[in-house]
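Report on the structure
Below, each chain spelled out in residue letters.
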Amino acid sequence: MTNIGVFSKINKKYKKIIKYFGAFNLLITIGLILLAKPIIVLLYGTQYTDAVTCFRILAVNYFISGTFRSISGNLLVTQRKLGFNLIVNVISGSVNIIGNLILIPLCASIGAALTTLTVSLVAAIMSTGYYIYILKHQSE
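Remember, predicted model here, so these are calculated numbers, not experimental data.

Moving on to the overall build of the protein chain. Counting its regular elements, the protein chain contains five helices and zero strands. Counting from the amino terminus, the protein chain carries its helices and strands in the arrangement α-α-α-α-α. Overall, the C-alpha framework of the protein chain stretches about 60 × 30 × 15 Å when taken along its three principal axes. Here the protein chain, with 140 residues, has 29% of them falling under the buried criterion. Taking contacts inside the protein chain between residues at least 6 apart in sequence as the whole, the part at least 24 apart equals 72%. Split by element, the accessible area of the protein chain, about 8700 Å² in all, is 70% carbon and sulfur.

This part is about the nonpolar core. Core analysis: the biggest nonpolar cluster contains twelve residues, these being F7, Y14, I18, I71, L76, F84, V88, A123, M126, Y131, I134 and L135. Among the elements of the structure, α1 (3–34), α3 (52–78), α4 (82–107) and α5 (109–138) are those that each provide at least two residues to this core. Of all the elements, α5 adds the most residues to this core, at five residues. What Y131 contacts, discounting residues up to four positions off in sequence, is I10, Y14, S72, L75, L76 and Q79. With six residues, the next largest nonpolar core counts C54, I57, L117 and A124 among its residues.

The next subject is a positive patch on the surface. Taken together, the side chains of K9, K13, K16 and K19 make up a positively charged region of the molecular surface. By the element assignment, K9 lies in helix α1.

The next thing to look at is the side chain of T67. Looking at the element boundaries, T67 is found in helix α3. Side-chain polar atoms of T67 contact the side chain of N25, separated by 3.1 Å. Among the polar contacts listed, one links the side chain of T67 to the backbone oxygen of F63, at a separation of 2.8 Å. Apart from the residues within four sequence positions on either side, T67 is in contact with I18, F21, G22, N25 and Y62.

Our next topic: the confidence of the model for the protein chain. For the protein chain, the average pLDDT comes to 93, and 95% of its residues sit at 70 or higher. The least confident element of the protein chain is α1, whose mean pLDDT is 90; the most confident is helix α2 (residues 36–44), at 98.

Rules and cut-offs
- Residues numbered from 1 in each chain as written.
- Predicted model: local features only at pLDDT ≥ 70, side-chain atom pairs only at ≥ 80, totals over all residues.
- Heavy atoms only, no water.
- Helix = DSSP H or I, 4+ residues; strand = E, 2+ residues; numbered from the N terminus.
- Buried < 20%, exposed > 50% of the residue type's maximum accessible area, 1.4 Å probe, protein only.
- Contact = heavy atoms within 4.5 Å.
- Areas by Shrake-Rupley, 256 points an atom, 1.4 Å probe, with all protein chains shown as cover.
- Core = buried A, V, L, I, M, F, W, Y, C linked by side-chain atoms within 4.5 Å.
- Patch = residues over 30% accessible without salt bridge, like charges linked within 9 Å, V, L, I, M, F, W, Y side chains within 5 Å.
- Salt bridge = Lys/Arg side-chain N within 4 Å of Asp/Glu carboxyl O.
- Lys, Arg positive; Asp, Glu negative; His and termini not counted.
- Charge placed at Lys NZ, Arg CZ, Asp CG, Glu CD.
- Polar contact = N/O pair within 3.5 Å; in protein donor to acceptor, adjacent residues only side chain to side chain.
- pLDDT = per-residue confidence, 0-100.

Pasting the structure below:
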């Protein structure tokens, strides 16, 4: 099988993984968002209902991280793109520090949750975008 055939096959498998993990993670995320208040009350009590917003933000973070960031990041390792993963982590760490410094004083725990979501979004965009770039250019 030629390199073009191999990368075409990998691209199809990647799309399938993203599709099925995305659907699975979306169902979990929707469930977590809809059931956030009962889950918080059941596990921690009514005195923690102010954490519902943070819980919902972090549920969205789970979707992005579980569907895009983790899969693409792990597949970049299989392509020996460790240097790029290092860059993603340095940028993610910087966004995390800056976001927390700005958003925690403004929004308290919601600011921390928003920073976590932003970090995952940045890393997911970078990792997924670069992995797709690699697949396209290795299949040429």
